[in-house]
Amino acid sequence: RTRGELALEPSPTHGMYGNWAESPWWSLHANAFWAIVYGLDIWNLYAEFIVNASFAPTMEIFNRYAGQKNASTSPGAIILLRDSLDSSDFERFPASIYGDDIRVDDPKCSAPEASHPVCCQNSTRLKNIAAAFATQGARQDDPSAAIGPSIKQKKAAGLNDVGCQIWPSNYGLFIKQIKPHQSSVGYWRVGPKNQPYGRFARGSNNSAGLSTLHFDLDDALFGGLPFSSQEPNTRLNITIIWYDVYPNGGWQLVYDAHANPNASFPIVKTTGTKIWKSFSTQIDDAHFGNRGILNSDFSLHTGVCESATICPDIIFSQIEVKKNVKINLFIP
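In this text the structure is predicted, and so the values were computed from the model without any measurement.

Rules behind the numbers
Along each chain, the written sequence defines residue order, and numbers are assigned to residues from 1. Residue-level local features of this predicted model are given only where pLDDT is at least 70; pairs of side-chain atoms are given and counted only at 80 or more, and the full residue set underlies all totals for whole chains, interfaces and linings. As a rule here, side-chain values cover all heavy atoms of the structure and leave hydrogens and water aside. Cysteine sulfur pairs qualify as disulfides if the two atoms are within 2.5 Å. By definition, any uninterrupted DSSP run of H or I lasting at least four residues is a helix, any uninterrupted run of E lasting at least two residues is a strand, and each is numbered from the N terminus. Only protein chains enter the accessibility calculation, which uses a 1.4 Å probe; a residue whose area is less than 20% of its type maximum is buried, one above 50% is exposed, and one in between is partly exposed. When DSSP finds two or more bridges between two strands, those strands count as paired.

Observations concerning the state of the cysteines
Part 1 of the reasoning: Within the structure shown, the criterion is met by two disulfides.
Part 2 of the reasoning: Residue Cys 120 pairs covalently with Cys 164 via a disulfide, S to S 2.2 Å. Its S-S torsion of approximately 75° makes the covalent link between Cys 120 and Cys 164 right-handed. With Cys 120 in the loop between helix 6 (107-110) and helix 7 (123-132) and Cys 164 in the loop between strand 5 (162-163) and strand 6 (171-173), the pair connects residues that are 44 residues apart, well separated along the chain. The same class applies to Cys 120 and to Cys 164, which are both buried.
Part 3 of the reasoning: Here Cys 305 engages in a disulfide with Cys 311; their sulfurs sit 2.1 Å apart. Between Cys 305 and Cys 311, the disulfide has an S-S torsion of -90° and is therefore left-handed.

What follows is the structure, encoded as structure tokens:
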């Protein structure tokens, strides 16, 4: 078993780290998903998180998926959408455009005598990458911290959206986004700071033709996918967290059902409230045999508004597919 802890410093009310002070809800939620991805079984939190009911949804998610190493025994699948702005990725971020830096395979970075090698030392390169995504919320609040060892990054005075050798994709278990860069764009620092979902997100760019996000479930889930039409107890719940940023838009859930590989739910219409909302529905006829577009099990379509030539973009944070299983919080 594995255990991790958050010490006194990232307290929601008097922590000393500026990256947590920006929004403890954002940071705790993102940290919980990283703990799930990393395989943490036990997560010790500072008391002020435990007694504050506004953090309960994040802790419930961790409790539901803590210790879940095998899809076949997991109560479900979950994903937190994010784009990884990794300064060490010179294929995506060429030195000729963003500036050069020490490469991961450089002896200065990978020398065995270096107990804490730092491969990214050019803060200007990281700032240039952030600037390219500024319209989607990315920035570097403490550039000097982003090029130091991990302990220095942890104690940054603010949030940094570009890092070095960071996790390359979405956070989550037993669900993958198909071709994320070819179907969606990343967003950062989205929406109210007292809602947990805004640290990272992905969404559409309808003007560029990126209007559908596709997803694939692990085939070992729920006793094995696809479901046959004769199987009992295939009733599932799917919950999608989305940001209601623009009015007069809409999005639609399309999924692989027994009778139709592109079955759909009614369009969810946007009103521009600028808050994160939860769409939750029951699926009774799931097949999930990868018969959707790009061999997907389900997808989110954003180009479905009624009046505009180009539909407003939709931003998504989190998706969960699970059976009806209630997990109670353990509070000692």
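Now that the structure is up, let's keep going.
Observations concerning the pairing of strand 14 (residues 268-271)
Part 1 of the reasoning: Covered by surrounding structure in strand 14 are Val 268 and Thr 270 only, the residues Lys 269 and Thr 271 on the alternate face being uncovered.
Part 2 of the reasoning: As paired strands, strand 12 (residues 247-255) and strand 14 are joined by three bridges and run antiparallel to one another. Residue pairing for strand 14: Pro 247 is matched across the bridge by Thr 271.

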